[in-house]
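Residue-level structure breakdown
If you want the building blocks of each chain, they are given just below.
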Amino acid sequence: MAGNEPNTRPRAPHLQVYKWGPAMAVSILHRASGDGLAIVGAGLFLWWLGAIAAGPDAYAAFVACIWHDPSPEISLFHQITNILGKVVLVGLTWAFFQHLFSGLRHFVLDTGAGYELKSNKLWSTVVIAAGVFATAATWLYIMAEAL
Amino acid sequence: MGDGTHLGKVRGLGSSGHGSQHWLQQRLTALGNILLVGFFVVSLIRLPLGDHAAVLRWAANPMVALALILMVVSVFWHLRLGLTVLIEDYVHGPMLLLATVLLNFYAIGGAAYGIFTIARIALAPVVAGPGGM
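Numbers given for residues are sequential positions, taken from 1 along each chain in its written order. Just so you know, chain letters begin at A and ligand numbers begin at 1, following the order they were written in. Local features are withheld for residues below a pLDDT of 70 in this predicted model, meaning they are given only at 70 or higher, and side-chain atom pairs are given and counted only at 80 or more; totals for whole chains, interfaces and linings count all residues. As a rule here, side-chain values cover all heavy atoms of the structure and leave hydrogens and water aside.

1. Regarding the overall build of chain A
Only DSSP runs of H or I reaching four residues or more are called helices, and only runs of E reaching two or more are called strands; each is numbered from the N terminus. Secondary structure assignment for chain A yields 4 helices and 0 strands. Ordered by position from N to C terminus, the α and β elements of chain A give α-α-α-α. Only the C-alpha atoms count toward the radius of gyration. The rule for a globule is 2.2 Å times the residue count to the power 0.38. Whereas a compact globule of 147 residues would reach a radius of gyration of roughly 15 Å, chain A reaches 22 Å, over 25% beyond that. Its C-alpha atoms put chain A at 70 × 40 × 30 Å along the principal axes. Each residue is placed in one exposure class: buried if its accessible area under a 1.4 Å probe, protein chains only, is under 20% of its type's maximum, exposed if it is over 50%, and partly exposed if it falls in between. Taking all 147 residues of chain A together, the buried fraction comes to 33%. With residues, only the protein chains shown are counted as cover, and all accessible areas are computed by Shrake-Rupley using a 1.4 Å probe. Total accessible area on chain A stands at roughly 9400 Å², and carbon and sulfur atoms take up 72% of it. In this tally Asp and Glu are treated as negative and Lys and Arg as positive; neither His nor the chain ends contributes. The atom standing in for a charge is NZ when the residue is Lys, CZ when it is Arg, CG when it is Asp and CD when it is Glu. Computed over 8 positive and 8 negative side-chain charges, the separation of the two mean positions in chain A equals 22 Å.

2. Considering the pattern of salt bridges
Close approach of charged atoms allows side chains with opposite charge to pair. Note on definitions: salt bridges are taken to be side-chain nitrogens of Lys or Arg within 4 Å of carboxyl oxygens of Asp or Glu. Inspection of the entire model under this criterion finds 2 salt bridges over all chains. Here Asp89(B) and Arg31(A) are joined by a salt bridge, their closest N and O atoms 2.8 Å apart. One end of the pair, Asp89(B), is in helix α4 (residues 62-90); the other, Arg31(A), is in helix α1 (residues 22-54), on a second chain. The partly exposed category is assigned to Asp89(B), whose relative accessible area is 42%. Arg31(A) sits in the partly exposed class, given a relative accessible area of 22%. We note a salt bridge from Asp110(A) to Arg27(B), for which the minimum N-O separation is 2.8 Å. Taken together, the positions of Asp110(A) in helix α3 (residues 76-110) and Arg27(B) in helix α2 (residues 21-46) put the pair across two chains.

3. Details of the nonpolar core
Here the nonpolar core consists of buried residues drawn from Ala, Val, Leu, Ile, Met, Phe, Trp, Tyr and Cys, with membership extended through side-chain atoms lying within 4.5 Å. If you look at the biggest cluster of nonpolar residues, it comprises 44 residues, and the most contacted ones within it are Phe45(A), Trp48(A), Tyr59(A), Phe62(A), Trp58(B) and Leu68(B). Looking at this core, the elements that each hand over two or more residues are α1, α2 (56-66) and α3 of chain A together with α2, α3 (52-60), α4 and α5 (94-123) of chain B. At 11 residues, the largest contribution of residues to this core is made by α4(B). In this structure Leu68(B) touches Phe40(B), Trp58(B), Ala59(B) and Ile118(B), once residues within four positions along its chain are discounted. In what follows, residue pairs with any heavy atoms lying within 4.5 Å of each other are defined as contacts.

4. Regarding the interface of chain A and chain B
Chain A puts 28 residues into the contact, and the matching count from chain B is 37 residues. For the interface between chain A and chain B, the tally reads 2 salt bridges. Polar contact is the term for a pair of N or O atoms within 3.5 Å; when the atoms are in protein, one must be able to donate a hydrogen and the other to accept it, and sequence-neighboring residues count only if both atoms are side-chain atoms. Connecting chain A to chain B are 7 residue pairs in polar contact (both at pLDDT 80 or more). Going through the elements one at a time, α1, α2, α3 and α4 (117-146) of chain A are the ones with two or more residues in the side of chain A that touches chain B.

5. Side note on the side chain of Ser33(A)
All names here are of chain A. Counting through the fold element by element, Ser33 comes out in helix α1. Assessed through its relative accessible area of 2%, Ser33 is described here as buried. The contacts of Ser33, once residues within four sequence positions are left out, are Trp94, Ala95, Gln98 and His99.

See the structure below:
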């Protein structure tokens, strides 16, 4: 192609060409949430298990690192990791619910149902909304219990 | 599926060499994860997580320890399948082999560490003294 003539050829389907919709979003979020759970979630779970097995002191050190350091003068490192730990835990909660609801949607799609444009868009939107809602509800419950 | 050779039809494996095995295992471990991770998340929300003795008592309960070991198997199996697809999509050339080997180290090593740790919690309650993990 020389350059300036209008291109009437069909364009190759690709991310920059298609307008983003909920079905595309829920697809990539399934991968992102799954990989987050697989690497960050499973890693944190093994660290937590190891801390339980290693005894009260190691467990207290784990909690002081990722949640709350009870010592009167908190080191700069723990000030940062206390905030980072909460961000990661909220993120993992969202990733869990997003991946769970999206996975349930995949079970329905596996039966051959839910591919019509309207219902596909509807349930993709429902999955994303339910993931955010369940995350908010879980943390509101945790904070209400803590008070 | 398709018009493959007679031998291919008999074996039913297709060009991947392992047929629908990956797909089916992903679904079956997903079902396991719904039950086992569901139980785990509800437990986490209800446990006093700052209290080591309470968490240890919970994890040392035989039924809980068994469920946790089954969860480790189901989760690490499922994450290996998922990360395999991620690697196949984004990593090419000689790095593909390296990434796949590292993934297997992570999945098998992580699962072994998890199972061993749960067994240690359930079978040998921690006593004060040197050592630890």
